[in-house]
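Below are the chains, spelled out letter by letter.
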Amino acid sequence: MARKLRFFKEQMRKAGLSPSTKSLRSGDIDLDHLEVTLGELESELIEINSNNEMLQHTYNELSEYKLVLQKAGELFHSAQSIVAAQQGELELFNTTEQSVERSLLLEQEMTMDPSKQVKLGYISGLVAREKSMAFERILFRATRGNVFLKQTVLENAVVDPVSGDEVLEQTATLFTEDLNKQFQIISQVSGRLAELKTTIDAGLAHRSNLLQTIGFEFEQWNFLVKKEKSIYHILNMLNMDVTKKCLVAEGWCPVFAKDQIQNGLRRATLDSNSQIGAIFHVLQTKESPPTFFQTNKFTSAFQEIVDAYGVAKYQEANPSVYTIVTFPFLFAVMFGDWGHGICLLLATLYLIIREKKLSSQWSLCDNDDGNFFNLHGLIYNEFFSVPFELFGPSAYGCRHQSCRDAYTAGLVKVHPTYPFGLDPKWHGSRSELPFLNSMKMKMSILFGVAQMNLGIIMSYFNAKFFGDNINIWYQFVPQMIFLNSLFGYLSLLIIVKWCTGSQADLYHVMIYMFLSPTDDLDDNQLFIGQKFFQILLLLSALAAVPWMMFPKPFLLKKRHEERFQGQSYARLDSNDYPPEIEPHSVSHNHEEFEFSEVFVHQLIHTIEFVLGAVSNTASYLRLWALSLAHSELSSVFYDKVLLLAWGYNSIIARGIGLCVFIFATVGVLLVMETLSAFLHALRLHWVEFQNKFYVGDGYKFYPFSFASLGQDDE
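Residues numbered from 1 in each chain as written. Predicted model: local features only at pLDDT ≥ 70, side-chain atom pairs only at ≥ 80, totals over all residues. Heavy atoms only, no water.

## Side note on the confidence of the model for the protein
For the protein, mean pLDDT is 82; residues scoring 70 or higher make up 81% of the total. With pLDDT under 50 throughout, residues 102-107 is counted as low confidence; its partners more than four residues away or in other chains account for zero contacts. Note on residues 568-589: pLDDT under 50 across the span, and 29 contacts to partners over four residues away in sequence or across chains. (pLDDT = per-residue confidence, 0-100. Contact = heavy atoms within 4.5 Å.)

## Here's the deal with the UniProt feature "coiled-coil region" (unreviewed entry) in the protein
Here the UniProt-annotated "coiled-coil region" (unreviewed entry) positions come out as residues 31-58. Between the end C-alpha atoms of residues 31-58 there is a gap of 40 Å, over a span that is 100% helix and 0% strand. (UniProt positions renumbered as here; feature names shortened; annotations may be inferred. Helix = DSSP H or I, 4+ residues; strand = E, 2+ residues; numbered from the N terminus.)

## What about the packing of helix α15 (residues 530-549) against helix α17 (residues 595-619)?
Put simply, α15 and α17 touch, their axes get as near as 8 Å, and they point 150 degrees apart. Here α15 is positioned roughly antiparallel relative to α17, judged by the angle of their axes. Remark: the crossing between α15 and α17 carries right-handed chirality. Across the interface between the two elements, Val-545, Met-548 and Met-549 from α15 touch Phe-599, Gln-602, Leu-603, Thr-606, Phe-609 and Val-610 from α17. Residue classes in the contact of α15 with α17 are distributed as seven nonpolar, two polar and no charged. (Axes fitted to C-alpha atoms, helices over the stretch in contact; angles between N-to-C directions. Parallel < 35°, antiparallel > 145°, perpendicular 65-115°, else oblique. Left-handed = near helix turned anticlockwise from the far one by under 90°. Nonpolar A, V, L, I, M, F, W, Y, C, P; charged D, E, K, R; others polar.)

## What about the packing of helix α12 (residues 432-465) against helix α13 (residues 469-500)?
Relative orientation of the contacting elements α12 and α13 amounts to 160 degrees, with a least axis distance of 10 Å. Considered as vectors, α12 and α13 are oriented roughly antiparallel to each other. Crossing of α12 against α13: the hand is left-handed. Split into classes, the residues belonging to the contact of α12 with α13 amount to 19 nonpolar, seven polar and three charged.

## Some remarks on helix α16 (residues 551-564)
Look at α16: 21 Å from first C-alpha to last across 14 residues, which is about the 20 Å you get at 1.5 Å a residue. Among the residues making up α16, those that are buried are Lys-552, Pro-553, Leu-556, His-560 and Phe-564. The buried side chains of α16 occupy one side of the element, clustering within an arc of 100 degrees when seen end-on. The secondary structure elements touched by the buried residues of α16 are α13, α15 and α17. (Expected span 1.5 Å × (residues − 1). Buried < 20%, exposed > 50% of the residue type's maximum accessible area, 1.4 Å probe, protein only. Arc of directions from axis to C-beta.)

## So, unusual backbone geometry
With glycine set apart, most residues show a phi of negative sign, and most peptide bonds adopt trans. The backbone phi angle of Asn-273 is positive, close to 55 degrees, even though this residue is not glycine. On the basis of relative accessibility, which here comes to 67%, the residue Asn-273 falls in the exposed class. One non-glycine residue, Asp-522, lies in positive phi territory at about 55 degrees. The exposure class assigned to Asp-522 is exposed, which follows from its relative accessible area of 61%.

## Some details on the UniProt feature "transmembrane region" (unreviewed entry) in the protein
If you check UniProt for "transmembrane region" (unreviewed entry), the listed places come out as residues 329-353, 443-461, 481-500, 532-550 and 651-672 in our numbering. Taken as a whole, residues 443-461 contains 100% helix and 0% strand, while its terminal C-alpha atoms sit 27 Å from one another. In residues 651-672, the share of helix is 100% and the share of strand is 0%. The end C-alpha atoms are 30 Å apart.

Structure (structure tokens):
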């Protein structure tokens, strides 16, 4: 049945038809009746195609015959006209001597042996255009050059009824030189062609009606066949029990779905009038279960982002819960212009409105991104790089009227601090770029340290859930101490400097914290007791490294020896294992503990974390770099394209400048910058955030469902 449906689909494709997209409802279709219906339709369609091919073949032969008659008739008629004209000229200018000589030649020709006279024959037909040269060479060699070949190009090609390609087949045709007979034959052929054309058109109309009828029900039939095939596919996975009378199926199901499955089995037993019901039993297994997260249209996009990195192992903390917030937030940090955000928001709303037609489930995610774009655009106070006084007047003004339009000198603080976001007076000033660089760089460090701390905290909850106290005390605790002793302290210095307005050089503070921890800080001191506090943090960071490296391998070895001390190698039940042992990591038999392998693994993990703490923090500076690049590109397009064109007193120049500005904004800022910001946000979550706690070595739970059957699933 699936083969027949594929045949119908191919026939509809050739006819330029598409199946109906009406809603699927297969409950009222009987499969046995459908099988008979498909067989009848296939036989009828095959018969129609066969008759059409035969009629088309006959039509092609007659078309070729007609073409030969027309072209050959034109050739002979033209030749006869030329000969008649030449004979008339000869008779007009011949002299008496020439007439006597001609008479002698004719008399000599008449007395010649008839068997020795040369008689010229001819043959006419059609040959494919690409084979004409080869055909000419064959004729020349076969007749030893005694051939006169006349070729003409036909405008109307003949179509092959099977392949549908335009071809010209070589045919031999009888021909008469009598013009009346030629016209009579052509008339007969034309009449026959008209009759065949009418018959062929009627057959094609019948075929089209049949295909339209099939297309109206095709999707329902196809869905029913797919459902039946999927059922048999699942049944083939089942095993026979010992009595060979029952089928046994083993599979995974969510815990909350057990009651639903039992109700479904009872309902199936009643609907089928079976005297024996299905038995549902929960098995105990040491295999690692698949991972299943309930998502909706909004959360599924973020879950796919995480799953692209790796599927969470069973009962591991799911990063997508936090990615829903952090991903669009970090995206917006790099894409901070509320004018561009409105453009993306409008595009997103368009996709949401046309979601059913475009099947774009990811579009809902972009709506949330648009809100973050607008928020950060308001913080940066940029609308296509133009600042606005949305939350009140600027805090700065002119000291004198002479500096009314000044941006570089003569400005003093005349109003309270701008309440929200960047003061508009910073835009276009001489100190704008140094100020924005400093602000965005420090913001990037704060966001990065906060997200990395969140990742380490998630490792604590993972360890606590699985009952792994070793990871809590000898991995989580030293990692928190190391990261916050260095970069957590840097974040603290940034906040203190912002709050106090200090002029301290934070680069100098962090560098000499390692090189000369006992030297006086002088002007770089931000709070009392800073030098002692820095020495304490430095010693804590140094102590955290061996704390991560050495205790864990020895404790794992000790726990392994205690667990199997005095025990045989017999198989154990799942209840015999302590709760901190993960089910999927337990073997049925006693395994050798490779201390060297565990120690090397812990050594690599420690080095990776120590070096990664530095590289990951530096990696978050991409938030500053991309935000600055987006702002500067937007400013260049506005100042050097739009304003420059607007300076000309010409509508054409202004129109060209506006078009260039729109295309540059859409192509560079709304397409390329969006892709760039998305990829960088993706990297920050996969590498800098998830590597702190996420293993991602699980596999997805794929339940059997008719709704999951795709268009191309066979």
